[in-house]
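Read off the chains here:
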Amino acid sequence: MPDIDIFDLWRYLLSIVVTVYVAIVTARTVWGYVVWFGSSRRYKVMGHYAVVLLLRARVRQFAGELLRIGLLLVVLGGVVALHWVLP
Amino acid sequence: MSDTGQPVGSDAKTTARFEELPADELILYGRELGLTLDAKMERQQLLLRIRERQALLKQLDHDALLDIVVWARRPVRKSISKEELAREIACIKKVDAQGLSRRGLVALMRLRGIAVNGDEPTEVLGERLRTHEPFWDRVTRHRRRLMGGIISHFLEGPQSPAGPGGPGEGEAYKFLPEDQNPTLRDQIAEEGVVSGLARRIRGAADDYVREKLDEIELRIDRKLEEIDRRLAEWRDREIANRLRIIRITLVASILVALLSLGYSLIRPH
């Protein structure tokens, strides 16, 4: 009988399932947008406008939120790294 | 007509009809005249502010307003109306009053809503104009000056900063040339009675159509700008929501990672 840790198994399964799910949903959404924006000339113009609209977004406006996300990412990286550092 | 014989509005009809404009266009119209208007203001308040601005424009001397645009080197015709001058002046953010006549300085301060009695020394007025610059405008101006210095240093090489004798300062200001409409006599002499009269009538009709088309174009442009602004607001809201979701996900991930770390520490080896 192999020695399987249930918690480890849950972690690995969760990470695999979530990663695959996110990748599929993201790819499907992006592909949906690409197909929709390329379906006619009108939607193509709308797509160009959407790109311009996104490029005109001011990052500074979301600086606080981005800073918090950056800090949380650092904390997450630290906690994950502790898994290897601690015995 | 104002005391200087100049019409206050770019066209009297537009000025007379501003009261019929919807609230969003009224706000834009007021902002074009240099007013700081809040979108939440009531219609009566907006109308009052715009009427006050028009009354102020009537009081101000046309030549004083011209002095301001000449000082800021904005390209205008000498026959430009006061309202158009006010629009040009509203775009001017300059606060260094060097080179501006006293009457222009007083007019600029009144347009910017700065208290002025008229008997203060010019230096005091210049200093007051500088101190009344909004904080963020000052920050933006300094930031742009810094960026301008850095970029021009790399593109144009190190050189002395533009002073009174620097680039653009030495050349005297020139007004844009006026539109020259030939007189009816000239047209008839040149083309004959029928052709001359027909051309004059056609010209009047063309002017009317052009004016109407300009008005329609202006309203369409304003509507498009409004749509663009609302879409930008929607975009900002969406980005903020997405970022909030990412933050919540990260917090949940950290909690799970901490749980996992705790389990790793306490589990039997």
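Structural data are supplied above this passage.
Keep in mind the model is a prediction, meaning the values are calculated, not measured. (Residues numbered from 1 in each chain as written. Chains lettered and ligands numbered in written order. Predicted model: local features only at pLDDT ≥ 70, side-chain atom pairs only at ≥ 80, totals over all residues. Heavy atoms only, no water.)

## Quick look at the overall build of chain B
When helices and strands are counted, chain B shows 10 helices and zero strands. When the elements of chain B are put in sequence order from the N terminus, they spell out α-α-α-α-α-α-α-α-α-α. Counting every position in chain B, which comprises 269 residues, the buried fraction comes to 28%. Expressed as a percentage of contacts within chain B between residues at least 6 apart in sequence, the contacts between residues at least 24 apart total 54%. Just so you have it, chain B exposes about 17,900 Å², and 58% of that area is on carbon and sulfur atoms. (Helix = DSSP H or I, 4+ residues; strand = E, 2+ residues; numbered from the N terminus. Buried < 20%, exposed > 50% of the residue type's maximum accessible area, 1.4 Å probe, protein only. Contact = heavy atoms within 4.5 Å. Areas by Shrake-Rupley, 256 points an atom, 1.4 Å probe, with all protein chains shown as cover.)

## Comments concerning a nonpolar patch on the surface
Together, Tyr208, Val209, Leu213, Ile216, Ile220, Leu224 and Ile227 of chain B give the surface a local cluster of nonpolar side chains, amounting to about 680 Å² of exposed area. One can find Ile216 of chain B in helix H10 (residues 193-266). (Patch = residues over 30% accessible without salt bridge, like charges linked within 9 Å, V, L, I, M, F, W, Y side chains within 5 Å. Salt bridge = Lys/Arg side-chain N within 4 Å of Asp/Glu carboxyl O.)

## Observations concerning the interface of chain A and chain B
Every contact between the two is made by 25 residues of chain A and, on the other side, 26 residues of chain B. Across the chain A to chain B interface the summed buried area is about 2,400 Å²; carbon plus sulfur atoms make up 70%. A per-residue breakdown of the area chain A buries against chain B is headed by Phe7, Phe62 and Leu72 of chain A, which together make up 21% of the total. Residue Asp228 of chain B is joined to Arg56 of chain A by a salt bridge in which the shortest nitrogen-to-oxygen separation is 2.7 Å. Summed over the shared surface of chain A and chain B, the number is eight residue pairs in polar contact (both at pLDDT 80 or more). When contributions to the side of chain A that touches chain B are tallied by element, the ones reaching two or more residues are helix H1 (6-37), helix H2 (41-55) and helix H3 (63-85) of chain A. A total of 11 residues in the side of chain A that touches chain B trace back to one element, the largest contributor, which is H3 of chain A. (Buried area = accessible area lost by both parts, 1.4 Å probe. Polar contact = N/O pair within 3.5 Å; in protein donor to acceptor, adjacent residues only side chain to side chain.)

## Topic: unusual backbone geometry
Even without being a glycine, Arg73 of chain B presents a positive backbone phi close to 55°. Look at Arg73 of chain B and you get partly exposed, because its relative accessible area is 37%.

## Describing the pattern of salt bridges
Residue and element names in this part refer to chain B. Throughout the structure, instances matching the rule amount to 25 salt bridges over all chains. Between Arg103 and Asp61 there is a salt bridge, with its nearest N and O atoms 3.9 Å apart. Here Arg103 is found in helix H6 (residues 102-111), whereas its partner Asp61 is found in the loop between helix H3 (43-59) and helix H4 (62-71), with 42 residues between them in sequence. Judged by relative accessible area, which is 42%, Arg103 ranks as partly exposed.

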